[in-house]
Amino acid sequence: MSDEAKTEDTESVETPENAAPEEATPEDTILRLEAEKEEMRGQLLRTLADLENTRKRAQKEVADARVYAIEKFAADLLSVSDNLARALAALPDGDRDALSEAGKNLLGGIEMTEKELHTALSRNGVTVIAALPGDAFDPNLHQAVANVPSPQAPGTIHDVFQTGWKIGDRVLRAAMVAVSAGSTN
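Given the structure is predicted, the values throughout are model-derived calculations rather than measurements.

UniProt marks residues 41-68 with the feature "coiled-coil region" (unreviewed entry), using the numbering shown here. With 100% helix and 0% strand, the stretch residues 41-68 has end C-alpha atoms that lie 40 Å from each other.

Another aspect to go through is the packing of helix α3 (residues 71-89) against helix α5 (residues 101-123). For the pair α3 and α5, the least separation of the axes is 10 Å and the interaxial angle reads 150 degrees. One element, α3, and the other, α5, form an angle in the roughly antiparallel class. The way α3 lies across α5 gives a crossing that is left-handed. Judged by residue contacts, Ala-74, Leu-77, Leu-78, Val-80, Ser-81, Leu-84, Ala-85, Ala-87 and Leu-88 of α3 engage Leu-107, Ile-110, Glu-111, Thr-113, Glu-114, Leu-117, His-118 and Leu-121 from α5.

Here we take up the sheet that holds strand β4 (residues 164-167). The strand order across the open sheet built from three strands is β1-β4-β5, with neighbouring strands paired in antiparallel fashion. Each having just a single partner strand, β1 (126-129) and β5 (170-173) make up the two edges of the open sheet. Between one strand axis and the next, the sheet turns by 40 degrees as a mean value, whatever way the strands run. Both β1 and β4 contribute to a ladder of four bridges, which runs antiparallel. Paired with Thr-127 across the strands is Lys-166, a residue of β4. The sheet contacts of α3 involve β1, β4 and β5, and relative to β5 the element is tilted by about 45 degrees.

Judged by pairing direction, the sheet is mixed, and its three strands sit side by side in the order β2-β6-β3 without closing on themselves. On the outer flanks of this sheet lie β2 (142-149) and β3 (157-162), each paired with one strand and no other. Neighbour-to-neighbour, the strand axes of this sheet turn through a mean angle of 25 degrees, independent of strand direction. Bridge analysis of β2 against strand β6 (residues 175-182) gives seven bridges, and the strand direction is parallel. Counterpart to Val-148 in the pairing with β6 is Ser-180.

Within the secondary structure, Phe-137 sits in the loop between β1 and β2. Between the alpha carbons of Phe-137 and Val-179 there is a distance of 7.0 Å; along the sequence they are 42 residues apart. When sequence neighbours within four positions are dropped, the list of residues in contact with Phe-137 reads His-142, Gln-143, Ala-144, Gly-155, Thr-156, Ile-157, Val-177 and Val-179.

On to a nonpolar patch on the surface, then. On the surface, Leu-44, Leu-45, Leu-48 and Leu-51 cluster together into a nonpolar patch covering about 390 Å² of accessible area. Looking at the element boundaries, Leu-45 is found in helix α2 (residues 26-68).

Criteria and cut-off values
- Residues numbered from 1 in each chain as written.
- Predicted model: local features only at pLDDT ≥ 70, side-chain atom pairs only at ≥ 80, totals over all residues.
- Heavy atoms only, no water.
- UniProt positions renumbered as here; feature names shortened; annotations may be inferred.
- Helix = DSSP H or I, 4+ residues; strand = E, 2+ residues; numbered from the N terminus.
- Axes fitted to C-alpha atoms, helices over the stretch in contact; angles between N-to-C directions.
- Parallel < 35°, antiparallel > 145°, perpendicular 65-115°, else oblique.
- Left-handed = near helix turned anticlockwise from the far one by under 90°.
- Contact = heavy atoms within 4.5 Å.
- Pairing = 2+ DSSP bridges.
- Patch = residues over 30% accessible without salt bridge, like charges linked within 9 Å, V, L, I, M, F, W, Y side chains within 5 Å.
- Areas by Shrake-Rupley, 256 points an atom, 1.4 Å probe, with all protein chains shown as cover.
- Salt bridge = Lys/Arg side-chain N within 4 Å of Asp/Glu carboxyl O.

Structure below.
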């Protein structure tokens, strides 16, 4: 067989590679486009949900930053509050009447300073943690430094050694308390 005959025979045989592509029917095109549309719609919805989650997360971070921005400063001021409270507690109520006029003015100034400090802290979201004798002990808010026998119910606060403070929902400093162990008979 000659080279020309071989070439003609191979050109006339159609293989899948050199076969003409079949025209897609309109129905096939519509189905393909519908599938693409649904895929893109799903991607769009996921992207929008991610965008909304990011926006909410950013808003929460900004709000938290506003609330907790003074946390370190407020914690530093707690020792000032403690010292003012100790100064006022050092003078028993019965001895207050015996003070001179200057002593009474000094005591009044310390009381006003403590009150103003607490007002400024409160204005900025820093509040006292309630801890009174007889209240239930809450390990999230109170730090037990002693367990003492007392006529109070077990698991209640017997005495408060140091006031606790919180800023927003966070505990800045837990209240230091003695917890009742109940009666020892």
